[in-house]
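So the chains spell out like this:
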Amino acid sequence: MAIPFSLPLIDADVIAEVNDALTNTGWLTSGPKVRQLETEIGRMTGTPVLCVNSWTSGAMLMLRWFGVGPGDEVIVPAYTYAATALCAMNLGADVVMVDVRDDFCMDPHALSAAITPRTKAVIPVDIGGLPADYDELFDELSQNALAFQPRNERQAALGRPLLLADAAHSIGASYHGLPVGRVADATVFSLHSVKNVTTGEGGAIALDLPEPFDNEAELPRLRALALNGQTKSAFEKNQTGAWRYDIVDQGLKVNLPDINAAIGLAQIRKYESELLPDRIRITDRYQAAFAGKPWAILPTFSVDRRESSRHLYLLRVEGADEAMRDRIIQRISARQVGVNVHYIPMASLTLFRDRGYDAADYPVTQRLYENEITLPVYNGLTDAQIDEVVAVVTESVEAELQHAVGDSPFDSPGARSGTQFDSPEARSGTQE
Ligand SMILES: *Cc1c(COP(=O)(O)O)cnc(C)c1O
């Protein structure tokens, strides 16, 4: 039986909640289900929360809120999905990429070196669900704060670049005992179909701005900014007599529909009690299975009081180069197991190459990418399926590693045919 890489959770609870939205509420656009979802996420983060229609639009909204635009610089890690950069580029800001450390997260020293007087925001990414090192990142920002040149009241009030967490992977993760959502100025979660909690498409912003900001007071301003800058949502205008509204800001239109919110609402209610423990079962089983393999470089889920939300299982193959990694994936795919690579270094993608970025400037990113294979992790993946993935991955890796030894220039053709390794002829016959 084929094992897909990813499957969204559409169970009886999700169906019941969507059914309730359609049958009992009279709401399709942002209404009671969105408010309930915001309350549930806020219970986890301990912050005010605004739901939006994607991570990307949520990040754009926060950058817009802070007044980021042309002439400004936004610093992002080179190891991430392109949206981390596009949210800034689409507002006209310049993106500065910095390298990561071996944990896949932004390198604070690389950040420090990249800060200029034009830096207005920094967007670290909690890759795979492991929180970036926020204390170190904040330290670097504070040490470089003197250079900061505010251009509006919010920037002056903060007195340094905005630390905006890309928590697309890390809902439910924690850093030094605090939930993600409480460790950056603002945190954006993705509720896209492949993420730990999904609304199909969606996102959520947790506000945790320092003094003198009042996060509760900022929330309605942000809500208006997400709705064309309009002071009242359809939900609020629907209260009797509350028809009058104003447009107070040049906003975006990025609110989350209630239909979508219902899907995530059913999931988030049991996320900490069931869905996250289930991801821990899956990823721990992979860890135990690969721990004894000499070629396996295991992902980190817990280090320095950083606790992952187990979004991705990022396996790396010691000794594999990019071409070998790709051949291993071909072998795995031929056996109907879905795997992926997270991520192609952003600087290698055409858009960024065309704009002058060079992957060679981010050597750690390149090194991590070259031998990385992401394995399936989703609710409902059974122990038997995990064991099947482990067997297929192990056999595929070990077959390629053996070929590599067979291809060694130290082996003469004569010597090779006498070894345990396949001849080139036999090998081409097994290439998928
Ligand atoms: C999924 C993802 C995004 C984008 O999320 P959307 O909700 O699709 O906009 C951004 N950053 C990272 C790291 C992601 O994995």
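Novice: I would appreciate a short explanation of the overall build of the protein chain in the present structure.
Specialist: Per the secondary structure count, the protein chain includes 17 helices and 14 strands. Compactness check: the protein chain gives a C-alpha radius of gyration of 24 Å against a globular reference of 22 Å for 432 residues, within 12% of the reference. Taking the principal axes of its C-alpha atoms as reference, the protein chain extends roughly 90 × 55 × 40 Å. Looking at the 432 residues of the protein chain, the share that counts as buried comes to 53%. Excluding contacts between residues fewer than 6 apart, the proportion of contacts in the protein chain whose partners are at least 24 apart in sequence is 72%. In the structure as shown, the protein chain presents an accessible area of about 17,900 Å², 51% of it carried by carbon and sulfur atoms. In the protein chain, the 37 positive side-chain charges and the 58 negative ones have mean positions that sit 5 Å from each other.

Novice: I keep staring at the domain arrangement of the protein chain and nothing clicks. Help me out?
Specialist: The parts lose accessible area when they come together, and the size of an interface is often stated as this lost area. The domain boundaries assigned to the protein chain delineate domain 1 (12-268) and domain 2 (271-428). Distance between the C-alpha centres of domain 1 and domain 2: 31 Å. Roughly 3,300 Å² is buried in total at the junction of domain 1 and domain 2, and carbon and sulfur atoms are behind 59% of that figure. For D103, the salt bridge is made with R306, and the minimal N-O distance between the two is 2.7 Å. On inspection of domain 1 and its partner domain 2, the count reaches 24 residue pairs in polar contact (both at pLDDT 80 or more).

Novice: Please clarify how the nonpolar core should be interpreted in this entry.
Specialist: The tendency in soluble globular proteins is for nonpolar side chains to be buried side by side. Formed by 49 residues in total, the largest nonpolar core has its most connected members in L61, L63, W65, M97, L164, I205 and L222. Among the domains, domain 1 (12-268) and domain 2 (271-428) are the pair contributing at least three residues each to this core. Among the nonpolar cores identified, the runner-up in size contains 28 residues, and F290, V339, I373 and V392 belong to it.

Procedures and definitions
- Along each chain, residue indices are assigned from 1 in the same order as the chain's sequence is written.
- pLDDT decides what is reported in this predicted model: residues at 70 or higher carry local features, side-chain atom pairs at 80 or more are listed and counted, and totals for whole chains, interfaces and linings draw on all residues regardless.
- The basis for every side-chain value is the complete set of non-hydrogen atoms in the structure, without hydrogens or water.
- Secondary structure elements are defined from DSSP: runs of H or I of at least 4 residues count as helices, runs of E of at least 2 residues count as strands, and each element is numbered from the N terminus.
- The atom set for the radius of gyration is the C-alpha atoms, and the globule formula is 2.2 Å times the number of residues raised to the power 0.38.
- Residue burial is assigned from relative accessible area. The probe radius is 1.4 Å, only protein chains are included, and a residue is buried under 20% of its type maximum, exposed over 50%, and partly exposed in between.
- We call two residues in contact whenever any of their non-hydrogen atoms come within 4.5 Å of each other.
- Each accessible area is a Shrake-Rupley result for a 1.4 Å probe, and residues are judged covered by the shown protein chains and nothing else.
- The charge count treats Lys and Arg as positive and Asp and Glu as negative. His and the chain ends do not count.
- Throughout, a charge is located at the NZ atom of Lys, the CZ atom of Arg, the CG atom of Asp or the CD atom of Glu.
- Domain limits in this description derive from either an automatic procedure or a database domain assignment.
- Accessible area that two parts lose when put together, evaluated with a 1.4 Å probe and summed over both, is termed the buried area.
- Any carboxyl oxygen of Asp or Glu that lies within 4 Å of a side-chain nitrogen of Lys or Arg is treated as forming a salt bridge with it.
- Distance and chemistry together define a polar contact, namely a pair of N or O atoms within 3.5 Å, with one atom able to donate a hydrogen and the other to accept it when in protein, and with adjacent residues in sequence counting only for side-chain atoms on both sides.
- Grouping buried Ala, Val, Leu, Ile, Met, Phe, Trp, Tyr and Cys residues that are joined through side-chain atoms within 4.5 Å yields what is termed a nonpolar core.

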